[in-house]
Amino acid sequence: YGDVVPMSATNTYHHTQVVWDRAFKITPDLPELQSRMTVNVEINDSCNAFYNGRSINFFKDSDECNNTGRLADVVYHEYGHHYHHSLVVTGITDGSIGEGSGDYLSATITGEAYMAPGFFKNGAGIRDLEPDRVYPDDLTGEVHADGLIWGGAMWDVRKSLIAELGEEAGV
């Protein structure tokens with residue numbers, strides 16, 4: 001990047017540390033949390049981010065979408081794929097469960113069920129865990145939409161635990 005570090009790089013560095021801290025607090029002995037995570041920013045594409053099994057990757061802004069490396073929710077979600085993948089015992093993962101787990105990890109860090117407000121230039125976010133979705137009635141065949149069933153169920157459990165145990169213990 002030369003002498004100027006893009007805001008997306010400093011933002012992803014900070015928020016990757018935030019989400020790593022949360023994961024480490026939950027599972028300090030998880031071996032995958034002992035190694036470095038590569039983060040790529042300013043990828044010449046738009047309206048997305050991804051985890052590829054080795055790194056988390058964020059796209060530049062466009063006329064429609066903001067730079068995904070500058071959105072904390074998106075950083076938490078993408079790291080959530082790494083965390084979920086690291087926790088899987090059998091080596092088999094379901095895409096919708098991975099998406100729901102990433103959404104949930106992000107939402108439980110921000111305390112908000114509405115994912116990534118400001119993702120789109122008009123201020124809109126991308127998904128909401130709050131509406132109740134039911135398996136199999138709400139299956140669509142698209143992993144992000146189907147992940148809302150799992151992520152929303154986890155969000156409901158979180159709300160119930162907070163109601164029963166209080167904010168700190170419930171979260």
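Coordinates for the structure precede this section.
What you are looking at is a predicted structure, and each value in this text was computed from that prediction instead of being measured.

A. Structural view of the environment of G170. Counting through the fold element by element, G170 comes out in helix α5 (residues 167-170). Spatially, the C-alpha atom of G170 lies 15 Å from that of E112, the residues being 58 residues apart in sequence. Those residues in contact with G170 that sit more than four places away from it in its chain are R158, L161, I162 and L165.

B. Local environment of the packing of aromatic side chains. Tallying each qualifying case throughout the model produces three aromatic pairs. Ring geometry for F50 versus F59: centroids 5.9 Å apart, planes at 65 degrees, classification edge-to-face. On the accessibility criterion, F50 (32% relative accessible area) is partly exposed. Among the residues examined, F59 registers a relative accessible area of 8% and is labelled buried. Between F119 and F120, the aromatic rings sit 4.9 Å apart at their centres with planes inclined by 75 degrees, giving edge-to-face as the arrangement. For F119, a relative accessible area of 6% gives the class buried. We classify F120 as partly exposed; its relative accessible area is 24%.

C. Representation of the pattern of salt bridges within the structure. What the rule picks out here adds up to four salt bridges. Close ionic contact of R127 with D103 constitutes a salt bridge, the shortest N to O distance being 2.7 Å. Note that R127 is positioned in strand β5 (residues 127-128) and D103 in helix α3 (residues 95-110), a separation of 24 residues in sequence. Classification of R127 by relative accessible area gives buried; the value is 12%. By relative accessible area, which is 0% here, D103 ends up buried. Residue E130 pairs with K159 through a salt bridge whose shortest N-O separation is 2.4 Å. With a gap of 29 residues between them, E130 in the loop between β5 and α4 (143-165) and K159 in helix α4 connect regions that are remote in the sequence. A relative accessible area of 34% places E130 in the partly exposed class. Through salt bridges with shared partners, a single ionic network connects E130, D156 and K159.

D. The packing of helix α1 (residues 7-26) against helix α2 (residues 72-87), seen in detail. Packing of α1 against α2 leaves a shortest axis separation of 9 Å and a crossing angle of 45 degrees. When the interaxial angle is binned, α1 and α2 end up oblique. Considering how the two elements wind past one another, α1 and α2 form a crossing that is right-handed. Along its contact with α1, which presents N11, T12, H15, T16, V18, V19, W20, A23 and I26, the element α2 presents A72, V75, Y76, Y79 and Y83.

Procedures and definitions
Residues numbered from 1 in each chain as written. Predicted model: local features only at pLDDT ≥ 70, side-chain atom pairs only at ≥ 80, totals over all residues. Heavy atoms only, no water. Helix = DSSP H or I, 4+ residues; strand = E, 2+ residues; numbered from the N terminus. Contact = heavy atoms within 4.5 Å. Phe/Tyr/Trp six-rings, centres within 6.5 Å; stacked < 30°, edge-to-face > 60°. Buried < 20%, exposed > 50% of the residue type's maximum accessible area, 1.4 Å probe, protein only. Salt bridge = Lys/Arg side-chain N within 4 Å of Asp/Glu carboxyl O. Axes fitted to C-alpha atoms, helices over the stretch in contact; angles between N-to-C directions. Parallel < 35°, antiparallel > 145°, perpendicular 65-115°, else oblique. Left-handed = near helix turned anticlockwise from the far one by under 90°.

Purely geometric stuff here, so don't read any function into it on its own.
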